[in-house]
Amino acid sequence: MEVPLNHYLILSGLLFTIGVVGVLTRRNALIVYMCIELMLNAVNLTFIAFSRHLGDMGGHMFTFMVMTVAASEAAVGLAIIISLFRNRQTVDVDDVNLLKG
Amino acid sequence: MQLLMFYGFGFFALFAAVGMVMSRQPVMSALLLIVNMFCLAGLYAMLNAHLIAVLQLLVYAGAIMVLVLFVIMLLNLREKQGIISKHQVALQAVGIMALGFFIISVIAKLDPSKLPPSKAIGAGFGTVVVVGRILFTDYILPFEIASVLLLAAIVGAVILAKSKV
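For the structure given in this document, a descriptive report is provided here. Quantities reported herein were computed from a predicted structural model and do not represent experimental measurements. Counting starts from 1 at the beginning of each chain's written sequence and moves along it residue by residue. Written order determines the labels here, with chains lettered from A and ligands numbered from 1. The predicted nature of this model means local features are confined to residues of pLDDT at least 70 and side-chain atom pairs, given and counted, to a pLDDT of 80 or more, with totals for whole chains, interfaces and linings taken over all residues. Working from all heavy atoms in the structure, the side-chain values ignore hydrogens and water.

### With respect to the interface of chain A and chain B
The contact criterion used is simple: two residues touch if any of their non-hydrogen atoms lie within 4.5 Å. Taken together, the 71 residues of chain A in the interface contact 86 residues of chain B. Buried area adds together the accessible area that both of two parts lose upon being put together, with accessible area traced by a 1.4 Å probe. With both chains or domains summed, chain A and chain B bury close to 7100 Å², and 77% of this area falls on carbon and sulfur atoms. Among the residues chain A hides against chain B, the three largest losses belong to Arg-26, Met-34 and Arg-52 of chain A. Together they make up 10% of the total. The salt bridge definition used is simple: a Lys or Arg side-chain nitrogen within 4 Å of an Asp or Glu carboxyl oxygen. The tally of links from chain A across to chain B stands at zero salt bridges. N or O atoms closer than or at 3.5 Å make up a polar contact, with two conditions inside protein: a donor-capable atom paired with an acceptor-capable one, and, for residues adjacent in sequence, both atoms drawn from side chains. Here chain A is connected to chain B by four residue pairs in polar contact (both at pLDDT 80 or more). By the criteria applied, helices consist of DSSP H or I runs no shorter than four residues and strands consist of E runs no shorter than two, each listed in order from the N terminus. For the side of chain A that touches chain B, the secondary structure elements donating two or more residues are helix H1 (5-25), helix H2 (29-54) and helix H3 (58-88) of chain A. Tallying contributions element by element places H3 of chain A first for the side of chain A that touches chain B, with 23 residues. Each residue is assigned to one class: nonpolar for Ala, Val, Leu, Ile, Met, Phe, Trp, Tyr, Cys and Pro, charged for Asp, Glu, Lys and Arg, and polar for all the others, Gly among them. Here the side of chain A that touches chain B is built from residues that sort into 43 nonpolar, 18 polar and 10 charged.

### Observations regarding the nonpolar core
Only buried Ala, Val, Leu, Ile, Met, Phe, Trp, Tyr and Cys residues count toward a nonpolar core, and they belong to the same one when joined by side-chain atoms within 4.5 Å. Here's how the labels work: a residue is buried when its accessible area is under 20% of the maximum for its type, exposed when over 50%, partly exposed in between, all with a 1.4 Å probe on protein chains only. In this structure, Tyr-8, Met-34 and Leu-45 of chain A together with Met-20, Leu-43 and Met-65 of chain B are the most contacted members of the largest nonpolar core, which totals 63 residues. Counting only elements with at least two residues in this core, the list comes to H1, H2 and H3 of chain A together with helix H1 (2-22), helix H2 (26-46), helix H3 (50-75) and helix H5 (128-137) of chain B. The element that contributes the greatest number of residues to this core is H3 of chain B, accounting for 13 residues. What counts as a domain boundary in this text is fixed by an automatic or database domain assignment. Three or more residues apiece are contributed to this core by two domains, here domain 1 (1-105) and domain 2 (123-165) of chain B.

The following block contains the structure:
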């Protein structure tokens, strides 16, 4: 039996929400980063589900671009985390308040 | 059968995501995120997105997560007491409200009988040949912009990670 579209959308919404909760509540910058990856994945699932449902390949292209952005984000974000650790000896987002007014 | 596979993959994906957010050790979180990405790759394969499923495994579970694990081992972090942020009450309230809002709005908006029926897909939907042909004809400009973005990311990462420029 074919899986209806809204099942995929509900799963994707739940995954995105778990990612949001992680970003808002965790202190470790690496885990915050992984939660952002989880949110990107949830959006990808929505794109692919709609792409299959509408019979249009455009969603695959968007997923491709999201993956590219995630790869470059991994490179730059992890470099930022490493230089943060080198300068402050912490990756705790509560301790990094240099730009706080 | 397909529904059963969907529930299997979906359950494991949700389980791994919740575990990732709750886990105390960053290494455990990274491994659970890899489990989650494997489940999503299975779902992509069920949705006829074969190339994207393979790319998910290669790029996400392979390259990006290995990089994350590498950084976790490099930094050798020890979790202090209290993994939750200091502004926990307000932020948790916001998080739980977001969760509730998402679930209710998604379920309320979507009545399966009102959705347009699923369109029939052509031969070779989601295969390498078709994706590649579209990528190099209709989507050639985003493709080139993506290559420039990757180059900028490489240069930026090298400059950020270098101790002295």
